[in-house]
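Coordinate inspection notes
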Amino acid sequence: MYIKDIAQFEGKEIELKGWVANRRDSKGLVFINLRDGSGLVQCIADQSKLTEDEFNCAGKLGLESSIEINGLVVKDERQIGGFEVQVSALKVLQFTEDYPIAKKEHGIDFLMDKRHLWLRSQRQWAIMKIRNTITFAIHEFFQKEGFIQMDAPIFTGNACEGTSNLFETDFYGDPAYLSQSGQLYGEAMAMAFGKIYTFGPTFRAEKSKTRRHLSEFWMIEPEIAFCDIHQNMDIIESFLQYVIKKVLADCQHELNLIDRDQSVLKTSLEPFPRLTYDEAVAIIKGEKDVNGQNSIKSLEDELEQVNQQYQKMEAEIAEREAKLAIPGMKKGEINFNQNKVATLKQELKDLEEAQRNIPQWIASAKNFEYGNDLGGSDETVITRLFDKPIMVYDWPHEVKAFYLKRNPESPRFARGVDLLAPEGYGEIVGGGERETDEQKLREKIIEHDLPMEAFEWYLDLRKYGTVPHAGFGLGLERLVTWLCKLKHVRESIPFPRMYGRLLP
Ligand code: 4AD
Ligand code: MG
């Protein structure tokens, strides 16, 4: 019996096992918010309906005490989930005291240190449930489309995505790397099975703390034989829209719990604009407008608005603090004003962040040098102008991986594609059409200073029935972060591994 199914048991006696998420006492009554992993329900322990011992126990339950209860399910619209349970029996498995995560605000480092416990809180629960729906939808999409799921090795002798962020390990005395991507193996599997996808952990030694980078993340990598860059973009679009639709259909409760504004998720079901690198650069630099908006101008306007709002909020804080300083205010009113001031101060911090960021974005947009890769700020600048993901393709070959095919009509460009998520999130998919010519690949391997002997097996694929093929990689955590509109990728995975964090 799980709380999520409680509606089926209206008017019936049930047994629930779970943890105390909150407790509130009033005369002769103890209100327990019980969570069992599937949901949350208020249980009412009434002194007149329990033994003295049971009622005393109910009054001593600390946060996260583990209990079993029996009780009657009663409809009550005002309650979370629309039901409450009138307790008829209570058994305590463990009393707890001093649960470290109390209601009050904690700093992110503290919460990350307590990640093993933090996962129990509502918001984290909702994010992980959405992650689960996304994972399931990913498998569902590819399985329905006839892709075979295959697994690439994690120990590998090949650097797929450059040598700057490899984790090296000792493989029986020889160096081996933790896989940065399953792609090269995916290409071999696509030549054997036509359409495949891998879905496994991948590793990048990113020695900097950013909102977008993990050292260990999960990547979905389809690879398709007889597919070009444009067909690849078709697949990226329908795949991502399938996942978004699933989340909208199945996760309303969770999206509401985390206060996710869903408008952009809905407009993301419309076709994704496809821009060449050249078009994207012109937009970033403000040389080309999008839907009547200019990148630089709109940032300048926004900075102006932020500054105005900042002044307004500062004034409101001062006003409320002045009121609080006058003696004689009622307790309720003091609480109300204090809470309001705390919220406003939090919002001020967000505005301060915007005041720091926007000038940097303006500067990097103005100074963007044609031919460079897009950095985080450039991605932010361009994606803010769209209410849906965009795909940028045909990149200067120098900034992309060795394995990408050149555009036959203009070989300066490699046929890579990045999907950039809106709302400032930036790249969540990287992929492209693969080079099919053995000789051209050899040249690129030398140019990238990679050890040829480690790639001989990969070059075999171009000797024995080479065909046009393409694929992409989606970072699961980046997708969860965007769909949940999280500030930082670390909340999108149960136990994040990143620079400076190995525990818990
Ligand atoms: O763009 P990337 O490096 O592309 C590849 O690895 C290709 N071999 C994929 C392919 O074509 N099969 O990485 C793909 C995606 C990124 O768009 C991003 O979503 C995610 O992987 N990613 C990371 N996510 C979290 N932390 C990191 N350090 C990430 N690095 C890449
Ligand atoms: Mg990339």
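Residues numbered from 1 in each chain as written. Chains lettered and ligands numbered in written order. Predicted model: local features only at pLDDT ≥ 70, side-chain atom pairs only at ≥ 80, totals over all residues. Heavy atoms only, no water.

**Here we look at the overall build of the protein chain**
Across its full length, the protein chain carries 15 helices and 16 strands. Expressed as a percentage of the 504 residues in the protein chain, the buried residues total 49%. Pairs at least 24 apart in sequence give 69% of the contacts found in the protein chain among residues at least 6 apart. Entry remark: accessible area of the protein chain is about 24900 Å², with carbon and sulfur atoms responsible for 51%. Distance between charge centres in the protein chain, computed from 64 positive and 80 negative side chains, equals 5 Å. (Helix = DSSP H or I, 4+ residues; strand = E, 2+ residues; numbered from the N terminus. Buried < 20%, exposed > 50% of the residue type's maximum accessible area, 1.4 Å probe, protein only. Contact = heavy atoms within 4.5 Å. Areas by Shrake-Rupley, 256 points an atom, 1.4 Å probe, with all protein chains shown as cover. Lys, Arg positive; Asp, Glu negative; His and termini not counted. Charge placed at Lys NZ, Arg CZ, Asp CG, Glu CD.)

**A look at unusual backbone geometry**
Omega for the peptide link from Leu503 to Pro504 comes to -5°, which places this bond in the cis form. Its place among the elements puts Pro504 in the segment after α15 (476-483). In this structure, Asp394 takes a positive phi of about 60° despite not being glycine. Along the polypeptide, Asp394 turns up in strand β13 (residues 390-396).

**As for the nonpolar core**
Counting residues in hydrophobic clusters, the biggest one holds 50 residues, and the most contacted among them are Ile134, Ile138, Phe142, Ile428, Leu474, Leu479 and Trp482. Every residue in contact with Ile138, bar those within four places of it in the chain, is listed here: Phe199, Ile220, Phe239, Val243, Leu474 and Leu476. In this structure, Met313, Ala365, Leu385 and Trp395 belong to the second largest nonpolar core, which totals 33 residues. (Core = buried A, V, L, I, M, F, W, Y, C linked by side-chain atoms within 4.5 Å.)

**A word on the site of ligand 1**
As a structural note, the neighbourhood of ligand 1 is formed by 22 residues, with Glu161, Gln183, Glu221, Glu427 and Ile428 the closest of them. Glu161 has a polar side-chain atom sitting 2.7 Å from a nitrogen atom of ligand 1. Between ligand 1 and Arg204, the relevant distance is 2.9 Å, taken from an oxygen atom to a side-chain nitrogen or oxygen of the residue. When the free accessible area of ligand 1 is taken as 620 Å², the share hidden by the protein chains comes to 94%. Those elements giving two or more residues to the shell around ligand 1 turn out to be β11 (216-225), β15 (426-433) and β16 (469-475). Classifying every residue of the shell around ligand 1 by side-chain character gives seven nonpolar, seven polar and eight charged. (Near = heavy atom within 4 Å. Polar contact = N/O pair within 3.5 Å; in protein donor to acceptor, adjacent residues only side chain to side chain. Nonpolar A, V, L, I, M, F, W, Y, C, P; charged D, E, K, R; others polar.)

**Let's talk about the domain arrangement of the protein chain**
It is common to give the size of an interface as the accessible area lost on bringing the parts into contact. Considered domain by domain, the protein chain is made up of domain 1 (3-94), domain 2 (116-272 + 389-492) and domain 3 (296-365). Summarising the inter-unit geometry, the C-alpha centres of domain 1 and domain 2 are found 45 Å apart. (Domains from an automatic or database assignment.)

**Overview of helix α12 (residues 376-383)**
The element α12 is extensively covered by neighbouring structure, given that six of its eight residues are classed as buried. Every buried residue of α12 is accounted for by Asp378, Glu379, Thr380, Val381, Ile382 and Thr383.

**Considerations on the pairing of β11**
Counting buried residues in β11 gives eight out of 10 residues, a clear majority hidden from the surface. Bridge count between strand β10 (residues 195-203) and β11: nine bridges; the pairing is antiparallel. Residue pairing in the sheet places Gly200 in a bridge with Met219 of β11. Bridge count for β11 against β16 is five bridges, and the pairing is antiparallel. Paired with Met219 across the two strands is Gly475, which belongs to β16. (Pairing = 2+ DSSP bridges.)

**Regarding helix α9 (residues 277-284)**
Most of α9 sits out of view: six of its eight residues are buried. Residues of α9 that are buried include every one of Tyr277, Ala280, Val281, Ala282, Ile283 and Ile284, and no others. Of the surrounding secondary structure, the elements contacted by the buried residues of α9 are β12 (274-276), α10 (295-325), α11 (331-366), α12 and β13. Immediately beyond the C-terminal end of α9, within one or two residues, lies Gly286, with a positive phi of roughly 80°.

**Brief notes about the sheet that holds strand β6 (residues 148-149)**
One open sheet accounts for eight strands, arranged β6-β10-β11-β16-β15-β14-β13-β12; its pairing is mixed. With partners counted over all chains shown, the strands left at the sheet margins are β6 and β12, one partner each. Each of β6, β10, β11 and β16 touches helix α4 (residues 122-144); the most contacted strand, β10, lies at about 150° to it. α9 rests against β12, β13 and β14 (413-421) of the sheet, and its axis sits at about 90° to β12. (Axes fitted to C-alpha atoms, helices over the stretch in contact; angles between N-to-C directions.)

**Remarks on the side chain of Gln79**
Relative to the elements of secondary structure, Gln79 occurs in the loop between β4 (66-75) and β5 (83-94). Exposure remark for Gln79: the relative accessible area of 18% places this residue in the buried category.

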